[in-house]
Amino acid sequence: MKVLREVGIMASCSVIFGYPMETSETIQETFDFCFQNKVYPSIGFLMPLPYTKMYEYAIEHGFIKDEDAYLDSITERQDICLNMTKLSDEEIMGEIKKNALKLNQMLEIGLDASSLIKTGGPIKHTNLKTQLKADGALDPDKIERNENDFSFNYSQATFDEDVRI
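The notes below deal with the structure included here. (Residues numbered from 1 in each chain as written. Predicted model: local features only at pLDDT ≥ 70, side-chain atom pairs only at ≥ 80, totals over all residues. Heavy atoms only, no water.)

## Quick notes on the packing of aromatic side chains
Any aromatic ring pair is given by two values, namely how distant the centres are and how the planes are angled relative to each other. This is how the line gets drawn: Note on aromatic contacts: the rings of Phe and Tyr and the six-membered ring of Trp form a pair at centre separations within 6.5 Å, being stacked when their planes are under 30 degrees apart, edge-to-face when over 60 apart, and tilted otherwise. Counting from the N terminus, the helices are the DSSP runs of H or I reaching at least four residues and the strands are the DSSP runs of E reaching at least two. Only protein chains enter the calculation, and the probe is 1.4 Å; a residue is then buried if its accessible area is under 20% of its type maximum, exposed if over 50%, and partly exposed in between.
All chains considered together, the criterion is met by three aromatic pairs. Aromatic pair F17 and F31: ring centres 5.6 Å apart, planes at 15 degrees, arrangement stacked. Taken together, the positions of F17 in strand β1 (residues 14–17) and F31 in helix α2 (residues 24–36) put the pair 14 residues apart, joining distant regions of the chain. Considered together, F17 and F31 belong to a single accessibility category, that of buried residues. Between Y55 and Y70, the ring centres sit 6.2 Å apart and the planes meet at 45 degrees, which makes this aromatic pair tilted. One end of the pair, Y55, is in helix α3 (residues 53–60); the other, Y70, is in helix α4 (residues 67–73), with 15 residues separating them in the sequence. Among the residues examined, Y70 registers a relative accessible area of 5% and is labelled buried.

Next up, the structure:
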């Protein structure tokens, strides 16, 4: 993130919580990493989709008991649709909100408590536009989107049976 900022590239990050091995400690580690990189992430929750290894894992391990009901319950990634951790929904959400609030304060982002997870996007919760203009490296108002964009897809991730859950 530092290198990207130094060369005038605006970047954001997204984190997904709720993998089977997620704990209070891993949540804390994720937010610590975000702080080290001076970035407030877009926060989402694992949402296994049909025809992915994670979906198969969720069915095989009893997280999805009724496929129709699960598929009907999917809303958006910023809502817990399926919790595959040993934490309750309240515990995982509490840990995320606690750490998000702390990160928000340490980075001086200015989000209110109702916007810690549903932030409205990176432009609304960063001051990168101001930073970039101040640095003179790039005018964010004149950026054009490159339609040949890509992202990484972790839907093929697999987990060994001996994963500590």
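## Some thoughts on the pattern of salt bridges
Rule in force here: Any Lys or Arg side-chain nitrogen found within 4 Å of a carboxyl oxygen on Asp or Glu counts as a salt bridge.
Per the counting criterion, the structure on display carries two salt bridges. With a shortest N-O distance of 3.8 Å, K2 and E6 are connected by a salt bridge. In this pair, K2 and E6 are both assigned in helix α1 (residues 2–6), four residues apart and thus about one turn of the helix distant. Grouping residues by exposure puts K2 and E6 together as exposed. Between K98 and E95 there is a salt bridge; the shortest N-O distance is 3.3 Å. You can see K98 and its partner E95 sitting in helix α5 (residues 89–106), three residues apart, about one turn around the helix. For K98, a relative accessible area of 48% corresponds to the partly exposed category.

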